[in-house]
Structures are given as C-alpha cells and as structure tokens.
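Architecture and fold: a report
In case you want the letters, here they are:
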Amino acid sequence: MILFSAMSKIELLQSVPLFGDLSESSISKIADQMILRSYSKGQMILMEESSGETFFVLGKGAVKVTRMSDDGREVILAMLGEGDFFGEMSLLDGEGRSANIVAIEDSESLTIKRSEFLAILENYPKIAINLLEELTSRLRRSDQQIESLSLSDAEQRISITLIRLAEELGTIKSGAVTIRNLPYQQDIANMAGTSRETVSRTLKLLMEKGFLKRDGKALIIKDFALFRRQFT
Ligand code: CMP
C-alpha cells in the first residue's frame, strides 16, 4: 500500500466534485479521517450482499459496478472513474452492498468509516446536496439503460453504452470524446446486453461509418454531439 502525505490527500479531495465548494480547512479535516488504499487491476473491492462499513472516493483508476444474473452472467451497471465515489448506498440504508465493485485499472481510493461519513453529511449540508445530485444523475442513467436494454437493435444498444462510457470515463476536446483504456469488449457486451462478437462487429461497423476511431487502447468518438443525436 502506498502511503500518501496529508497534502496529497487534500489535493485529491479538492479535485472530487462531491467535496467541491468546501473551504480548505474543512477539506483538510475530512482528509485527516480518510485512509488511502490501492487495488490492482481485476481486484474485487466490494462484494455484493456483504455488509457495508466504508465509503470510497476513487482518486486514481477506474472500477466497474456489477451484479451476477441468476444464470451466472455478469451484468455491468456502471463504470466509475477518477473523482467518483461508491459504497454510499449500504451506509445510508443499512442493507448489504447492492453490487460488486471490481477494479478495471490499477486504482487508488480514499476510504472513510460509516460513522464519520454520516457525520460529514450532517455537518456539511452542501456535501449531502452534491451527493443527492450525483445519485439523481445515476438514477437517470439507470433509467436510460433500462430503456436501451429494451431496444431490439444491438447497434443502438452498443452506441448508447458507448455514450454512457464517454460520459463516465471520457475526456472531451474540440467536440471529440476520448475513452482512454476502453473497457474489454466483453464488459461492453455485458453493459449492452449482447455478445462480445456483436460488440466487435458493431465497433468495426461504426468505424467504417466514420463515427469512431481507435488510437491504441483508446476509442475516440469523433463528433460526440452528432453521435448522440444519431443514436438517442
Ligand atoms: P453500496 O451498495 O454500498 O455498494 C455497491 C456500490 O455500487 C453502491 O453502494 C453504489 O456506490 C454503487 N452502485 C450501485 N448501483 C449503481 C449504479 N447503478 N450506478 C453507479 N453506481 C452504483
């Protein structure tokens, strides 16, 4: 485990939208309560149904949020990247973890205990509002995913999944969105409710149509606004 200095924990928290607008002294108080943990790619960070005692802020890397279907398939609910948080649900409702969290890159997160997390929400209403805002946008994305899974057209389901990945993990520049370290095709298939082979064929097709291009491990959606109009 790498030990970060108090200073870099503060810098990390300052870059996290959840803690935006907080004074430096408040951030520093919160940073003091947080512990840095490292995970390697592929490592399970949280297990579905286990009891929840910790809240996580992802400082570096990326994770997938998954559940197992009854027939043993992995269903991917979301991908989370730098600056995102997870583990709040079981701390808020006292139930078990609602999903698995698996690192898809080497990752580092800051963690905090349940009692301290709940105290922060009571003491800093702005953080509670930021949390609600993010939970609302997760609900909207889930609503969208439910809708897209009912579509019969695999190309459209995969495109909607790419839009989601672009929003969750991508960076935008001059209208183009780059998804650095595109997740495995099997993961994209598990998000879109289709097979890896169909993902492979569809990505090729979307490249031939000029919507996408590859740059090593990265995928670039050349004109994100156009792509969105085309498929949503
Ligand atoms: P918790 O239930 O404590 O543990 C699993 C975590 O996965 C959960 O908290 C949320 O932080 C996260 N999670 C569950 N469902 C979703 C979703 N649909 N989108 C994003 N994150 C989720």
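Structural data are supplied above this passage.
Taken together, the neighbourhood of the ligand is formed by 14 residues, with G87, E88, S90, R97 and S98 sitting nearest. A distance of 2.7 Å separates an oxygen atom of the ligand from a polar side-chain atom of R97. Contact distances for the ligand include 3.4 Å between a nitrogen atom and a side-chain N or O atom of S142. With the chains in place, 93% of the 460 Å² that the ligand exposes on its own is no longer accessible. More than half of the atoms belonging to the ligand lie within 2 Å of the grid points that define the largest pocket. Ranked by residues supplied to the shell around the ligand, first place goes to helix α3 (residues 88–93) with three residues.

Bringing the packing of helix α7 (residues 185–192) against helix α8 (residues 196–208) into the picture now. Running from N to C, α7 and α8 cross one another at 100 degrees; their axes reach a closest spacing of 8 Å. Our classification of the angle between α7 and α8 gives roughly perpendicular. On α8, the residues touching Q185, Q186, I188 and A189 of α7 are R196, V199, S200 and L203. Residue classes in the contact of α7 with α8 are distributed as four nonpolar, three polar and one charged.

Rules used throughout
Residues numbered from 1 in each chain as written. Predicted model: local features only at pLDDT ≥ 70, side-chain atom pairs only at ≥ 80, totals over all residues. Heavy atoms only, no water. Near = heavy atom within 4 Å. Polar contact = N/O pair within 3.5 Å; in protein donor to acceptor, adjacent residues only side chain to side chain. Areas by Shrake-Rupley, 256 points an atom, 1.4 Å probe, with all protein chains shown as cover. 1 Å grid on protein atoms, 1.4 Å probe; cavity = no way out; pocket = protein on both sides within 12 Å on 5 of 7 lines; lining within 4 Å. Sits in = over half its atoms within 2 Å of the grid points. Helix = DSSP H or I, 4+ residues; strand = E, 2+ residues; numbered from the N terminus. Axes fitted to C-alpha atoms, helices over the stretch in contact; angles between N-to-C directions. Parallel < 35°, antiparallel > 145°, perpendicular 65-115°, else oblique. Contact = heavy atoms within 4.5 Å. Nonpolar A, V, L, I, M, F, W, Y, C, P; charged D, E, K, R; others polar.

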